[in-house]
Amino acid sequence: MASFEIVAEAGEARRGQLQINDRTLETPHLFPVINFYGGGNEGALFGGGVHRTVKEFLAHDNEVTGGKEYSDLFRGVMTSIASLTDYGIREKKLEWYLGNEIREWECFSDYDGMIFADSGGYKILEQGGGLEGEDFEKEIDQDKALDMQLDLGPDIVVNLDHPIHPDDEFEERLEKMEQTAANAARFAERREEVEGACYLTVHGYYDAMLERSFDLVEAELSEPIPEAFDGIALGSLVPRKDNVEVLVEAVSDCKHVMQQRGYDDLPLHVFGISGKAMPLLVAVGADSFDSASYLHQAINGKYSVSLFDYVPIDEADFDACDCRVCNDDFHRARMRNEMDDLYQKDILGSVAAHNLAIQQRELRQFRQLIAEGDQDQVAGYLEEAAKDQKGFRKFVYQLINERMNPYFEETDTTYA
């Protein structure tokens, strides 16, 4: 049983409550990507390195959290069937992983957040249509992908998609859209097997591409999209993640197409995007995101100062940060490498939790602004956030001027 209720709006930005069975998630929300299975056994939380430390935060390991509660960072997480084979496991280990749902493992049994299980379309497409381990190769079609997703015990699943690459020719883009639509139709036929929410993947960078993507899905389905799916997931944007103009246009146009077709009550998820783009995408109607950027930045020794800036961890000023990780002496000592017998994963694991806390904090603040229903405050927040970001602020000014609150009576198109 899944539902999505819009509880407040400020311009095109909206705050919602995603209800799936007995779990509720406030939106806009960032699903941090978690690799639950990294090649190891249960005693090592199925994998090592910083991935393990992040899972120890999620599983409330007192030696890692310092006895503090950090569950608010993980109220909803994203994982993927493609991550099952990230570490070259053998087939016997794959079967062992798939033999129990995530929450059936003792170490994750207390986790009560939502689990969004991705179909792994991008990686599967890169590997020629399958998953590879040390001693096996498995071709993955829509039915096999859904079987594996359901084995993880998810709250949200999505159809197996064929992401578009910016360099694809028109015919190749169309073929991928057709394959994604056919998978969506097969996915919808098995709707009753899913106890949680089913999301539909669509692809496109602009209005005409998205119109075609929706047209193809509608032609394949035997029922209207809102009867078959509980949400829309917009893909193919990761290769364009640094082009804010493209991201804003894609999400804005997707919302426009959804509104024209009467799907605007469905939540819109954006695959693989986080960081500085999130506020702008929330401002044009995105409801949720997923990303592993918090983790990858930590692995590279980067400490988040804001959504826009990072510094090397040894240059971080913890006194300037108000997040709970940086205001905990235990984690300060870890991030400064001042404790005995620390592994690199311990240091960088705390940095990853801090980086995630910064992104979650910004979305929490945005949710509060939307709840107040004041579009001018949202515009003010965006303008303040971008004022020192040369090369980025023109997109903020453009969005505010054209979509929220014109600066001048006649539109200024310079956005200096």
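Shown above is the structure to which this text applies.
This report concerns the structure included in the present document. (Residues numbered from 1 in each chain as written. Predicted model: local features only at pLDDT ≥ 70, side-chain atom pairs only at ≥ 80, totals over all residues. Heavy atoms only, no water.)

## Brief notes about the sheet that holds strand E11 (residues 231–235)
Reading across from one edge, E4-E13-E12-E11-E10-E9-E6-E5 is the order of the eight strands in this open sheet, with parallel pairing throughout. Looking at which strands have only one partner, the edges of the open sheet turn out to be strand E4 (29–32) and strand E5 (76–80). Direction aside, neighbouring strands of the sheet carry axes that sit 25° apart on average. Pairing of E11 with strand E12 (residues 268–270) involves three bridges; the strand directions are parallel. Each bridged residue has a counterpart across the sheet, and for Ala233 the counterpart in E12 is His269. Contacts from helix H5 (residues 142–151) reach strand E6 (114–118) and strand E9 (156–158) within the one sheet, and its direction differs from that of E9 by about 165°. (Pairing = 2+ DSSP bridges. Helix = DSSP H or I, 4+ residues; strand = E, 2+ residues; numbered from the N terminus. Axes fitted to C-alpha atoms, helices over the stretch in contact; angles between N-to-C directions. Contact = heavy atoms within 4.5 Å.)

## With respect to a negative patch on the surface
Together, Asp167, Glu169, Glu171, Glu172, Glu175, Glu178 and Glu220 line one region of the surface with negative charge. The element that contributes the greatest number of residues to the negative patch is helix H6 (residues 170–189), accounting for four residues. Mapped onto the fold, Glu178 is located in helix H6. Classification of Glu178 by relative accessible area gives partly exposed; the value is 38%. (Patch = residues over 30% accessible without salt bridge, like charges linked within 9 Å, V, L, I, M, F, W, Y side chains within 5 Å. Areas by Shrake-Rupley, 256 points an atom, 1.4 Å probe, with all protein chains shown as cover. Salt bridge = Lys/Arg side-chain N within 4 Å of Asp/Glu carboxyl O. Lys, Arg positive; Asp, Glu negative; His and termini not counted. Charge placed at Lys NZ, Arg CZ, Asp CG, Glu CD. Buried < 20%, exposed > 50% of the residue type's maximum accessible area, 1.4 Å probe, protein only.)

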